[in-house]
Amino acid sequence: TEPALKKLVGTDANAYMAAKSVYQAGKQAAAPLYQQVDKAMVPVDENIMNVMSKPLAQTAFKRAITMMRNDPNIPAGAVIPKLEDLQVGGQVPLRALDYVNRTLNDISGKAIRAGENNSSRIATGLGNQLTDQLDNQFPFYAQARQTIGDSKSFQNAIELGQTILKTDAVGLSDKLAGLNA
């Protein structure tokens, strides 16, 4: 969002305008793809169930559904599934499984920050399996994530740059070593 960009780049008008431009271009390019995501229904098969039957994936599903209910960008009449809807032969909205994937990413990130590497590995693995299944069924989903991801990569680079500028020599060495991990 624009306030987040301002926070990232501070008072440098050129950096802000560049970051805003990249962010807006990515958002605009991804919009028609995410409109397709919003309309798509995922047929639940054995592969999807293999991922979603895991307790961590079910926890992520419950959190994702809560996020969808709270998200002001989700229209009032949007289909929001229940955990019971995840059955072979059923269908769930692609957007709901996108939120599950995002939630698994959040769980993984939180686990890494807490030093829980195995928990992060499991969440990442489940997220990757789910993403692979969805990308195979819906190529526009992969394209949407890639398109918006390119603009987010730019924001992440700005954030890393600011962190480096605020870090002492020892901390800088640690940050740079983390890039190779």
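Quick note: structure is the one above.
Within each chain, residues carry numbers counting from 1 in the order of the written sequence. Per-residue local features of the predicted model are confined to residues with pLDDT of at least 70, and side-chain atom pairs are confined, for both listing and counting, to 80 or more; whole-chain, interface and lining totals are unaffected and use all residues. The side-chain numbers reported here are obtained from all heavy atoms of the structure, hydrogens and water having been left aside.

Things to note about helix α6 (residues 117-137)
Then, number 1: Think of it this way: any DSSP run of H or I at least four residues long counts as a helix, any run of E at least two long counts as a strand, and we number them from the N terminus. To estimate how far a helix should extend, the number of its residues minus one is multiplied by 1.5 Å. In this model α6 runs 30 Å from its N-terminal to its C-terminal C-alpha over 21 residues, within 8% of the 30 Å that 1.5 Å per residue would give.
Then, number 2: Three exposure classes are used, based on accessible area relative to the maximum for each residue type with a 1.4 Å probe and protein chains only: buried under 20%, partly exposed in between, and exposed over 50%. Within the span of α6, buried status applies to Ser120, Ala123, Leu126, Gly127, Leu130, Thr131, Gln133, Leu134 and Asp135.

Quick word on the packing of helix α5 (residues 94-113) against α6
Then, number 1: As a rule, the C-alpha atoms of each element are fitted with a line to give its axis, helices using only the stretch in contact, and angles between N-to-C directions run from 0 to 180 degrees. Close contact between α5 and α6 brings their axes to 8 Å; oriented N to C, the two are set at 160°. Compared by their axis directions, α5 and α6 come out roughly antiparallel. In this structure, α5 meets α6 at a crossing whose hand is left-handed. Contacts between α5 and α6 involve Leu94, Leu97, Val100, Asn101, Leu104, Ile107, Ser108, Ala111 and Ile112 on the former and, on the latter, Asn117, Ser119, Ser120, Ala123, Thr124, Leu126, Gly127, Leu130, Thr131 and Leu134. Just so you know how the angles are binned, under 35 degrees is roughly parallel, over 145 roughly antiparallel, 65 to 115 roughly perpendicular, and the rest oblique. Should the near helix be turned anticlockwise from the far one by less than a right angle, the crossing is termed left-handed; should it be turned clockwise, right-handed. Throughout, a contact is declared for two residues whenever any of their heavy atoms are within 4.5 Å.

Details of the packing of helix α4 (residues 55-70) against α5
Then, number 1: Two numbers describe how α4 lies on α5: the axes approach to 8 Å, and their chain directions differ by 115°. With respect to each other, α4 and α5 are oriented roughly perpendicular. Viewed along their axes, α4 and α5 form a crossing whose handedness is right-handed. Between α4, through Leu56, Ala57, Ala60, Phe61, Arg63, Ala64, Ile65, Met67 and Met68, and α5, the contact on the second element is made entirely by Arg95, Ala96, Tyr99, Val100, Thr103, Leu104 and Ile107.
Then, number 2: Amino acid classes used here: Ala, Val, Leu, Ile, Met, Phe, Trp, Tyr, Cys and Pro are nonpolar; Asp, Glu, Lys and Arg are charged; the rest, including Gly, are polar. In the contact of α4 with α5, the residues fall into 13 nonpolar, 1 polar and 2 charged.

Thoughts on the side chain of Thr103
Then, number 1: Position of Thr103 among the secondary structure elements: in helix α5.
Then, number 2: Given a relative accessible area of 3%, Thr103 falls into the buried group.
Then, number 3: Under the rule applied, a polar contact is a pair of N or O atoms within 3.5 Å (in protein, one hydrogen donor and one hydrogen acceptor; residues adjacent in sequence only if both atoms are side-chain atoms). At 2.8 Å, the side chain of Thr103 forms a polar contact with the backbone oxygen of Tyr99.
Then, number 4: Apart from residues no more than four positions distant in its own chain, Thr103 is found in contact with Ala60, Arg63, Ala64 and Met67.

What to know about the pattern of salt bridges
Then, number 1: Basic side-chain nitrogens of Lys or Arg form a salt bridge, by our definition, when they fall within 4 Å of a carboxyl oxygen of Asp or Glu. A full pass over the atoms with the stated rule returns 4 salt bridges.
Then, number 2: A salt bridge links Asp98 to Arg95, with the nearest nitrogen and oxygen atoms 3.2 Å apart. In this pair, Asp98 and Arg95 are both assigned in helix α5, 3 residues apart and thus about one turn of the helix distant.
Then, number 3: On the basis of relative accessibility, which here comes to 3%, the residue Asp98 falls in the buried class.
Then, number 4: What makes Arg95 buried here is its relative accessible area of 10%.
Then, number 5: For Arg145, the salt bridge is made with Asp135, and the minimal N-O distance between the two is 2.5 Å. Placement of the pair is Arg145 in helix α7 (residues 139-165) and Asp135 in helix α6, with a sequence separation of 10 residues.
Then, number 6: On the accessibility criterion, Arg145 (25% relative accessible area) is partly exposed.
Then, number 7: Here the salt bridges do not stand alone but share partners, grouping Asp38, Arg95, Asp98 and Arg102 into one network.

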